[in-house]
Amino acid sequence: ELKTIYTTIQQGAQSFLWAEYQICFQFIAVFGALVFVLVSHTVEKGEAVWKFDVGALTALSFVVGGLTSILSGFIGMMVAVYSNARTTVMAKGEGEKGWTDSFNTAFRA
């Protein structure tokens with residue numbers, strides 16, 4: 001029963017993250033392009049100059065940071081779902097022992 005609940009919650013969490021990440025990918029693409037354009041266009045000695053290498057490196061850094069954040073969020077969500085399942089298993093104990101075990105498990109997870 002708990003394995004079924006755990007699997008269902010994990011699938012729900014993954015579905016939620018996928019929906020959220022689709023928006024995040026669009027955000028990263030649009031603002032990555034904006035960062036590229038705005039950083040590439042500079043002024044040197046009173047003249048407008050395009051430095052595409054600087055803009056590309058800055059935009060790449062932005063994209064890598066965004067993707068790293070997405071990966072961290074996914075790992076964090078999967079650890080949280082697993083930890084909650086462990087806590088639930090420990091809470092099935094009898095009486096006060098169940099409460100104590102589940103509390104300790106939650107803080108050690």
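Structure shown above.
Keep in mind the model is a prediction, meaning the values are calculated, not measured. Along every chain, residues carry numbers that run from 1 in the direction the sequence is written. The predicted nature of this model means local features are confined to residues of pLDDT at least 70 and side-chain atom pairs, given and counted, to a pLDDT of 80 or more, with totals for whole chains, interfaces and linings taken over all residues. Computation of side-chain values covers all heavy atoms of the structure but excludes hydrogens and water.

A.B. asks: Just checking my understanding: could you explain the packing of helix H1 (residues 2-40) against helix H2 (residues 52-91) for this structure?
C.D. replies: What describes two packed helices is the angle between their axes and the distance between those same axes. Structural elements are reduced to axes, namely lines fitted to C-alpha atoms, with helices fitted over the stretch in contact, and the angle between N-to-C directions of any two is expressed from 0 to 180 degrees. Note on conventions: DSSP H or I runs of at least 4 residues are helices, E runs of at least 2 residues are strands, and numbering of each starts at the N terminus. Two elements in contact, H1 and H2, have axes separated by 9 Å at closest approach and are oriented at 165°. Classed by the angle they form, the pair H1 and H2 counts as roughly antiparallel. In this structure, H1 meets H2 at a crossing whose hand is right-handed. Each residue gets one label: Ala, Val, Leu, Ile, Met, Phe, Trp, Tyr, Cys and Pro are nonpolar, Asp, Glu, Lys and Arg are charged, and the others, such as Gly, are polar. Residues belonging to the contact of H1 with H2 are distributed by class as follows: 30 nonpolar, nine polar and no charged. With respect to orientation, any angle under 35 degrees is reported as roughly parallel, any angle over 145 as roughly antiparallel, any angle of 65 to 115 as roughly perpendicular, and every other angle as oblique. Crossing chirality is assigned from the near helix's rotation relative to the far helix, an anticlockwise turn below a right angle marking it left-handed and a clockwise turn marking it right-handed.

A.B. asks: How should the packing of H2 against helix H3 (residues 95-108) be read in this particular structure?
C.D. replies: Running from N to C, H2 and H3 cross one another at 165°; their axes reach a closest spacing of 7 Å. The orientation of H2 relative to H3 falls into the category roughly antiparallel. In this structure, H2 meets H3 at a crossing whose hand is right-handed. From H2, Arg-86, Thr-87, Met-90 and Ala-91 reach across to H3, where they touch Gly-98, Asp-101, Ser-102, Thr-105 and Ala-106. Partitioning the contact of H2 with H3 into residue classes produces three nonpolar, four polar and two charged. Any two residues whose heavy atoms approach within 4.5 Å are treated as being in contact.

A.B. asks: In this structure, what is going on with the environment of Tyr-21? I would like to understand it.
C.D. replies: Relative to the assigned elements, Tyr-21 resides in helix H1. Using a 1.4 Å probe on the protein chains alone, a residue whose accessible area is under 20% of its type maximum counts as buried, one over 50% counts as exposed, and one in between counts as partly exposed. We classify Tyr-21 as buried; its relative accessible area is 8%. When the C-alpha positions of Tyr-21 and Leu-71 are compared, they lie 10.0 Å apart, and in sequence the two are 50 residues distant. Not counting chain neighbours up to four residues away, the residues in contact with Tyr-21 comprise Ile-70, Gly-73 and Phe-74. One polar contact links the side chain of Tyr-21 to the main-chain carbonyl oxygen of Ile-70, over a distance of 2.9 Å. Two N or O atoms count as a polar contact when they lie within 3.5 Å, although within protein this holds only if one can serve as hydrogen donor and the other as acceptor, and sequence-adjacent residues are included solely when both atoms are side-chain atoms.

A.B. asks: Looking at this structure, I do not really get the pairing of strand S2 (residues 47-50). What am I missing?
C.D. replies: Along any regular strand the residues' side chains alternate between the sheet's two faces. Of the pairings in the sheet, the one linking strand S1 (residues 41-44) to S2 comprises four bridges and is antiparallel in character. Its bridge partner lying in S2, Val-43 is registered against Ala-48. One requirement defines pairing of two strands: DSSP has to find at least two bridges between them.

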